[in-house]
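Now for the letters of each chain:
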Amino acid sequence: EETSDSRIYQKYRETIATLPKAIGGNASQEIYQYQGFWYYPLYLERIMLIQEHFKAQPSHIMVVSMPKCGTTWLKALTFAIATRSQFDFSLSHPLTASSPHECLPFLEAVAATACLNEANNPIALFATHMPFTSLPESFLSSACKMVYICRNPKDALTSMWHFECRLTPKGKKCFTLEEAFEHFSDGVYPYGPYWDHVLGYWKASLEWPEKLLFLKYEDLKTDTMRHVKKLAQFIGHPFSLQEEKDGLVEEVIQLCSFENLSNLDVNKFGKRHVTEKLEIENAVFFRKGVVGDWKNNLTAEMSEQLDKIIEQKLRGSGLSF
Ligand code: A3P
């Protein structure tokens with residue numbers, strides 16, 4: 001999937017070495033600040049390659065998110081909707097045998113292939129965590145579609161903290177929740193500041209509603225049917241009346257549900273190489289899948305502090321959580 005040619009990343013590594021850095025994600029991981037956002041170096045070098053070489057095409061559909069905001073779910077839904085003429089929703093559907101992250105890859109993870117060895121795929125589905133302001137120019141100039149998902153920042157922080165703790169290698173220290181909270185609040189957080197990421201896409205969705213569909217995890221949870229239909233319409237694969245009558249929307253929802261996906265062997269026991277250097281268990285992408293779990297994790301004080309920050313950062317934008 002990824003070429004082993006590390007020479008292509010050498011010049012980016014040299015640039016990254018000159019950037020401001022901090023400890024982030026887990027207690028032994030360095031993150032670097034680039035164009036106003038914080039990144040793991042492994043992904044940043046890929047993002048730089050994408051910025052320089054990736055050409056978005058009109059047929060491309062991009063799932064965009066801040067980590068831990070429902071990417072896995074949105075990938076599954078987008079894949080199931082966009083490929084439904086190729087696969088029926090039986091046991092042989094790709095989503096029953098492969099992780100949603102394999103079915104719909106991260107552009108960052110397949111950067112070298114996507115940039116330097118462009119395959120002519122008529123429907124190319126990709127995902128990215130890149131902030132709006134750092135996207136290559138072709139994302140806007142081509143007719144590709146972007147679907148962004150975000151989530152109540154308190155749940156995003158809670159989910160991220162659990163995720164990072166599960167990924168922290170044995171013998172390395174994971175942040176305490178207090179530390180993770182401080183970093184998140186300061187914006188020194190992978191792909192953060194959270195509010196800047198979300199606001200970038202929120203404003204873009206207001207300016208270019210044809211190009212960018214802005215979704216919230218909470219809305220997708222409460223009214224899945226409506227949002228799945230909207231998603232299908234937006235990405236150019238609307239459900240026909242006959243399909244609706246035949247219960248296809250329900251089938252997509254069922255296939256991509258937390259209960260279904262998290263209980264599949266591939267997502268319980270499977271592993272996947274994100275890059276050559278990083279292998280992770282598919283199960284880490286499925287934890288609780290509910291709204292409001294922050295209440296079982298954050299203190300009342302943390303919640304109040306975050307309310308203040310969120311209110312101040314989002315004021316006047318028309319966006320709230
Ligand atoms: P929790 O940690 O709150 O449970 P991402 O996919 O962006 O990494 O986000 C992961 C979060 O989405 C986790 O949240 C995970 O449990 C939840 N999730 C994963 N698959 C889901 C699905 N099919 N439906 C709803 N939530 C899902």
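Residues numbered from 1 in each chain as written. Predicted model: local features only at pLDDT ≥ 70, side-chain atom pairs only at ≥ 80, totals over all residues. Heavy atoms only, no water.

**As for the sheet that holds strand S6 (residues 145–150)**
The strand order S5-S4-S6-S7 describes an open sheet built from 4 strands, whose pairing is parallel. Edge positions in the sheet fall to strand S5 (125–128) and strand S7 (212–216), since each has one partner strand and no second. Here the average twist between neighbouring strands, direction ignored, is 20°. Of the strand pairs in this sheet, S6 and S7 are connected by 5 bridges, and their pairing is parallel. Residue Cys150 lies in a different strand from S7, and its bridge partner there is Lys216. The sheet strands contacting helix H3 (residues 71–82) are strand S4 (61–65), S5, S6 and S7, and the helix crosses S4 at an angle near 165°. Seen against the sheet, helix H10 (residues 194–207) touches S4, S6 and S7 and runs at an angle of roughly 130° to S7. (Pairing = 2+ DSSP bridges. Helix = DSSP H or I, 4+ residues; strand = E, 2+ residues; numbered from the N terminus. Axes fitted to C-alpha atoms, helices over the stretch in contact; angles between N-to-C directions. Contact = heavy atoms within 4.5 Å.)

**What to know about the state of the cysteines**
Considering all chains together, one arrives at 1 disulfide under this definition. The side chain of Cys165 participates in a disulfide bridge whose partner is Cys174; the two sulfur atoms lie 2.3 Å from each other. Between Cys165 and Cys174, the S-S torsion sits near -65°, and that sign places the bridge as left-handed. Looking at Cys165, the relative accessible area reads 29%, which means it is partly exposed. Cys174 sits in the partly exposed class, given a relative accessible area of 21%. (Disulfide = S-S within 2.5 Å. Buried < 20%, exposed > 50% of the residue type's maximum accessible area, 1.4 Å probe, protein only.)

**A short note on the pairing of S4**
Burial within S4 is extensive, with 5 of its 5 residues counted as buried. The alternating pattern of S4 places Ile61, Val63 and Ser65 and Met62 and Val64 on opposite faces, both of which are buried. The pairing of S4 with S5 spans 4 bridges and is classified as parallel. Residue pairing in the sheet places Val63 in a bridge with Ala127 of S5. One ladder, built from 5 bridges, connects S4 with S6; its direction is parallel. The residue of S6 that forms the bridge with Val63 is Val147.

**Details of a negative patch on the surface**
Among the surface-exposed residues, Asp88, Asp246, Glu250 and Glu251 lie close enough to one another that they form a single negatively charged patch. If you trace the backbone, Glu251 turns up in helix H14 (residues 248–255). The exposure class assigned to Glu251 is partly exposed, which follows from its relative accessible area of 33%. (Patch = residues over 30% accessible without salt bridge, like charges linked within 9 Å, V, L, I, M, F, W, Y side chains within 5 Å. Areas by Shrake-Rupley, 256 points an atom, 1.4 Å probe, with all protein chains shown as cover. Salt bridge = Lys/Arg side-chain N within 4 Å of Asp/Glu carboxyl O. Lys, Arg positive; Asp, Glu negative; His and termini not counted. Charge placed at Lys NZ, Arg CZ, Asp CG, Glu CD.)

**Observations regarding helix H12 (residues 224–234)**
Every buried residue of H12 is accounted for by Thr224, His227, Val228, Leu231, Ala232 and Phe234. The arc that holds every buried residue of H12, seen down its axis, measures 165°, which confines them to one face. With its phi angle positive at about 85°, Gly236 sits one or two positions after the end of H12. (Arc of directions from axis to C-beta.)

**Thoughts on the packing of aromatic side chains**
Counting across every chain of the model gives 18 aromatic pairs. A network of ring pairs unites the aromatic residues Phe132, Tyr148, Tyr201, Trp202, Trp208 and Phe214 as a single cluster. Sitting over the face of the ring of Tyr217, Arg151 holds its NZ or CZ atom 4.2 Å from the ring centroid. (Phe/Tyr/Trp six-rings, centres within 6.5 Å; stacked < 30°, edge-to-face > 60°. Lys NZ or Arg CZ within 6 Å of the ring centre and 35° of its normal.)

**Section: helix H8 (residues 153–167)**
For H8, spanning 15 residues, the distance from its first C-alpha to its last is 21 Å, which sits close to the expected 21 Å at 1.5 Å a residue. The buried fraction of H8 is high, at 11 of 15 residues. By the burial criterion, the buried members of H8 are Pro153, Lys154, Asp155, Ala156, Leu157, Thr158, Ser159, Met160, Trp161, Phe163 and Glu164. On its buried side, H8 packs onto helix H9 (177–186), H10, helix H11 (217–222) and helix H17 (300–314). Capping of H8 at its N-terminal end is provided by Asn152; its side-chain oxygen lies 2.7 Å from the backbone amide nitrogen of Lys154. (Expected span 1.5 Å × (residues − 1). Polar contact = N/O pair within 3.5 Å; in protein donor to acceptor, adjacent residues only side chain to side chain.)

**Some points on the packing of H9 against H17**
Packed helices, taken two at a time, are described by the angle their axes make and the gap between the axes. Relative to each other, H9 and H17 sit at 10°, their axes nearing to 11 Å. In terms of axis orientation, H9 runs roughly parallel to H17. The residues of H17 that touch H9, namely those facing Leu177, Glu178, Phe181, Phe184 and Ser185, are Met302, Gln305, Leu306 and Ile309. Of the residues assigned to the contact of H9 with H17, the class counts are 6 nonpolar, 2 polar and 1 charged. (Parallel < 35°, antiparallel > 145°, perpendicular 65-115°, else oblique. Nonpolar A, V, L, I, M, F, W, Y, C, P; charged D, E, K, R; others polar.)

**Quick word on the pairing of strand S8 (residues 271–275)**
Relative to strand S9 (residues 278–281), S8 is paired through 4 bridges, and the arrangement is antiparallel. Residue pairing across strands places His273 opposite Glu279, the latter belonging to S9. Between S8 and the antiparallel strand that follows it, S9, lie 2 residues.

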